[in-house]
Amino acid sequence: MATGNQLQNVGQRTEKADRQSAPAFRYRTAVVGLGYVGLPTALALHSAGHEVLGLDVSDARLGDIRTGRVDLLPSDHNRLAEAIGDEGRFDLVADASRLAEADTVLICVPTPIDHHLLPDLSPLAAACRTVVAQAVPGQTLVLTSTTYVGCTRDMLVEPLRRRGLVVGSDVFVAFAPERIDPGNDKHVQRQVPRVVGGVTDECVRRTRRVLEDCASFVYPVSSVETAELTKLYENTFRAVNISLANEFADISRGLGLDVTEVIDAAATKPYGFMAFYPGPGVGGHCIPCDPHYLLWQLRADRVSAPLIEATMQLVAGRPGKVVQRALEILADRGRALRGARILILGVAYKPGIADVRESPALEIIDRLRAAGAEVSYADDFIPSLVTSDGELRRTEQPETMEWELVLAHTLHPGADVSWLSRVPAVLDATYRLREFDNRAIL
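Now for a description of the structure that goes with this document. Quick caveat: nothing in here was measured; it's all calculated off a predicted structure.

## Describing the sheet that holds strand 7 (residues 194-198)
Pairing is mixed in the open sheet, where eight strands are placed in the order 3-2-1-4-5-6-7-8. A single partner strand is all that each edge strand has here, and the edge strands are strand 3 (90-93) and strand 8 (218-221). Mean inter-strand twist for the sheet, computed between neighbouring axes without regard to direction, equals 25°. As judged from the four bridges shared by strand 4 (residues 102-107) and strand 5 (residues 140-143), these two strands associate in the parallel manner. Opposite Val 105, over in strand 5, you have Leu 141 as the bridge partner. The strands that helix 3 (residues 38-47) touches are strand 1 (27-32), strand 2 (52-55), strand 3 and strand 4; relative to strand 1, the one it contacts most, it runs at about 170°. In this fold helix 7 (residues 151-162) packs onto strand 4, strand 5 and strand 6 (172-175), with an angle of close to 170° to the strand it touches most, strand 6.

Below you can see the structure in the form of structure tokens.
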């Protein structure tokens, strides 16, 4: 396997020859899975000049995309409007057989965990089986979904071999972990580097040729396994540091200090420090889920990772601490949790998006309701939630109603929260409502 520097020096002459000898594919790129990662990726590639085929198994999702009813950055909504009108260069399908028309296939499906914190590989396995079944000579297949080390070989390389396709000559396989930050226009794809590890040098080179069109640069590593572990390290790093910030929040409250002020002060150090802030827990696909793929694999090999294990226990336990703190605040006011009217302000897992995947608010609502509280929520981005008790519709105009406690969970940009000053008690799990005298921190 060549080094990264050697791969970066591959000349244009070979690439030109490849293009002349490659099969005549209708689409430059196909994207399998059009969710929070796949759709922005497809739009970025289309904007870069690719003919893009988008594949998703959900007809409802495809319908939402065609009508623009999807959660995207404003810039991506503009791209989507342009792409939908560009028939033949941006096509959306549910027919997997169409994958044979694409030069490169990117797999961008979710890799969640189940209720036992074990990897749920069924969506990824199904997608990989589909891609392998439809693979044709000359294609490049790129897995981008976060997964365990060795998954690319298990789910792509070996099944392709059983089909009689030789990776590195007949087809080309790589792992290039996604780097999408939903709702954040400061880290758009075109400005973010990508990592790629291939089965062979040629696999890396072909993948780079595609990803360089929608990334600031592509950083090659020596193997698919290195790239897989790189992604797990990225998100485990965040989990560890967020847990540390939460712990310092507890310490600071015990000492009568403002943890946000402490972190802001520490962040003035120009080296050796990166600011992470506390909150009600962590949501989304990455931090609550991805480290469990590593722990699951390590347990099978009888290898311990005590720091990561402790971190994920803290991550899982954070919503329970929020509920306990709500009980304490109500008790200080002579009120029991049972029957208390509580509003959860913001339920998305982060500000500015309509995404409740793994949101701490879901567990917080379930726990409060189980304890007998009357729980409602308000969130301009989320019209309804599915809880353990069924569907819960958001409360409109919460500022006109009487609440015994408001739990500030997610504060969306531009939201008017001035009315919180009239609420008897506010539990600030965001650590950002310093101006309110009725505020209690988590």
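What follows picks up the thread again.
## Focus on the sheet that holds strand 9 (residues 341-345)
Sheet strands pair via backbone hydrogen bonds, and the direction of the pair is either parallel or antiparallel. An order of 10-9-13-14-15 is seen for the five strands of this open sheet, with the pairing classed as parallel. With partners counted over all chains shown, the strands left at the sheet margins are strand 10 (374-378) and strand 15 (439-441), one partner each. Mean inter-strand twist for the sheet, computed between neighbouring axes without regard to direction, equals 25°. Pairing geometry for strand 9 and strand 13 (residues 405-408), over four bridges, is parallel.

## Details of helix 11 (residues 290-300)
Think of an α-helix as turning once every 3.6 residues; residues three or four places apart then point the same way. Among the 11 residues that make up helix 11, eight are buried, leaving the element largely enclosed by the rest of the structure. Regarding helix 11, the residues found buried are Asp 290, Pro 291, His 292, Tyr 293, Leu 294, Leu 295, Gln 297 and Leu 298. Looking at the buried side of helix 11, the elements it contacts are helix 9 (224-255) and helix 12 (306-332). Looking one or two residues beyond helix 11, the residue adopting positive phi is Arg 302, at roughly 60°.

Thresholds applied
Residues numbered from 1 in each chain as written. Predicted model: local features only at pLDDT ≥ 70, side-chain atom pairs only at ≥ 80, totals over all residues. Heavy atoms only, no water. Pairing = 2+ DSSP bridges. Helix = DSSP H or I, 4+ residues; strand = E, 2+ residues; numbered from the N terminus. Axes fitted to C-alpha atoms, helices over the stretch in contact; angles between N-to-C directions. Contact = heavy atoms within 4.5 Å. Buried < 20%, exposed > 50% of the residue type's maximum accessible area, 1.4 Å probe, protein only.

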